[in-house]
Each structure stands twice: as C-alpha cells, then as structure tokens.
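# Notes for the structure review
The chain contents come next:
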Amino acid sequence: MALEKPYLDVPGTIIFDAEQSRKGYWLNQFCMSLMKAENRERFRADERAYLDEWAMTEEQKQAVLARDLNWCMRTGGNIYFLAKIGATDGKSFQQMAGSMTGMTEDEYRAMMVAGGRSAEGNRYVGENGDAQAHHQPQGSARSAGNQNQEGN
C-alpha cells in the first residue's frame, strides 16, 4: 500500500524521503566516495569508467556526466551528497545551487541574503509563484543556455 504524500505538491521541491533514498542509494554512495582524494583523482581521470564501478542506473550516470544536479535529484540524489560532485569540480555551493535554479552565483547569493524565495505563490503546484514549473529555471543564467531541460 503506497503512502499518501501530500508534500509532492510543493513546487520546485524534491523531498528526500525513504523512496527517494532507495532510488538514489548507489548514486549517493558514489558521491560519498568523492570524500577521498584518491577517488576524486580516479573520477577526474576517467569519469565514465569510475561511474561504471557503481551499481547506478544509466540515467543516474548520464545525469552526473552532464553535471545536471536537478536531474541527479530526480533520480534519487540528495543535495548533501551531490555537493561532493561540485566540490570535486572546484565549485562553491552557491555556484552549484545557482546552476540548479537557473541563476548565476551572484543572483543566488543575493536571493539567499535577501531571505530566500518567497512562500507567496509557492505553497502548492498551481499558484503563480516563482518556484512554479512554468517559471523555472529563472535568472540570467537561463539566457546563457547552460541548463538542461526536464525530460533529459
């Protein structure tokens, strides 16, 4: 019997629940492996070969290779673990989070310093807030064309 999940109706949010945890187990284990310098070196030397050592799905591997963190999250990745990919690439968390929202690093930082995204219009799917799917991704990074779209 499936659990009722009313929290799936929060726009722009992937809840890391037990189902997501199971789905992303090997992806997140791969990310944790990047905590060791020798593993980061092996990954940078031949990303595909290193990914093939993990029991990840092909979609998860493609999401990592594309460095599309939103895609990684849809396949079960958790941002705590996925941050290790960005760190391996020498990126700050602001750069990574900005890439997930379509914002530049500076735009993302400014939004967070200003208190984050407003809850107005973003409490559930169907409102007209800036986190709604039809408004994503946002910011000037979107116009730079560096975002993969839904349905990779």
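Refer to the structure presented above.
Along the chain, Asn39 falls in helix α3 (residues 37-45). When its relative accessible area of 13% is taken as the criterion, Asn39 is described as buried. Only 2.9 Å separates the side chain of Asn39 from the backbone oxygen of Ser33, close enough to count as a polar contact.

For the rest of this paragraph, the subject is the environment of Phe16. Take Phe16: it is sitting in the segment before α1 (18-23). Taking the C-alpha atoms as reference points, Phe16 and Met73, separated by 57 residues in sequence, lie 8.7 Å from one another. Ignoring anything within four residues of it in the chain, the contact list for Phe16 reads Ser21, Asn28, Gly76, Gly77 and Asn78.

The next subject is the packing of aromatic side chains. One pass over the structure, following the stated rule, counts eight aromatic pairs. The structure contains a cluster of three or more aromatic residues connected by ring pairs, namely Tyr25, Trp26, Phe30, Phe43, Tyr50 and Trp54. We note Lys84 situated over the ring of Tyr80; from NZ or CZ to the ring centre the distance is 3.5 Å.

What follows covers helix α5 (residues 58-66). Listed in full, the buried residues belonging to α5 are Gln60, Lys61, Ala63 and Val64. Angularly, the buried residues of α5 cover 160° about the axis, an arc narrow enough to put them on a single face. On its buried side, α5 packs onto α1, α2 (25-33), α3, α4 (47-51), α6 (69-74) and α7 (79-88). Downstream of α5 by one or two residues, Arg67 has phi in the positive range, about 55°.

With respect to the helices, strands and loops of the structure, Asn128 is situated in the loop between α9 (105-113) and α10 (140-143). For Asn128, a relative accessible area of 60% translates into the label exposed. If we ignore the near neighbours within four places in the chain, the residues touching Asn128 are Gly121, His134 and His135.

Right, let's get into the side chain of Lys5. Among the secondary structure elements, Lys5 is positioned in the segment before α1. Engagement of the side chain of Lys5 in a polar contact is seen with the side chain of Asp17, the distance being 3.0 Å. Polar side-chain contacts of Lys5 include one of 2.4 Å to the side chain of Glu19. Residues in contact with Lys5, not counting those within four places in the same chain, are Asp17 and Glu19.

Parameters at a glance
- Residues numbered from 1 in each chain as written.
- Predicted model: local features only at pLDDT ≥ 70, side-chain atom pairs only at ≥ 80, totals over all residues.
- Heavy atoms only, no water.
- Helix = DSSP H or I, 4+ residues; strand = E, 2+ residues; numbered from the N terminus.
- Buried < 20%, exposed > 50% of the residue type's maximum accessible area, 1.4 Å probe, protein only.
- Polar contact = N/O pair within 3.5 Å; in protein donor to acceptor, adjacent residues only side chain to side chain.
- Contact = heavy atoms within 4.5 Å.
- Phe/Tyr/Trp six-rings, centres within 6.5 Å; stacked < 30°, edge-to-face > 60°.
- Lys NZ or Arg CZ within 6 Å of the ring centre and 35° of its normal.
- Arc of directions from axis to C-beta.

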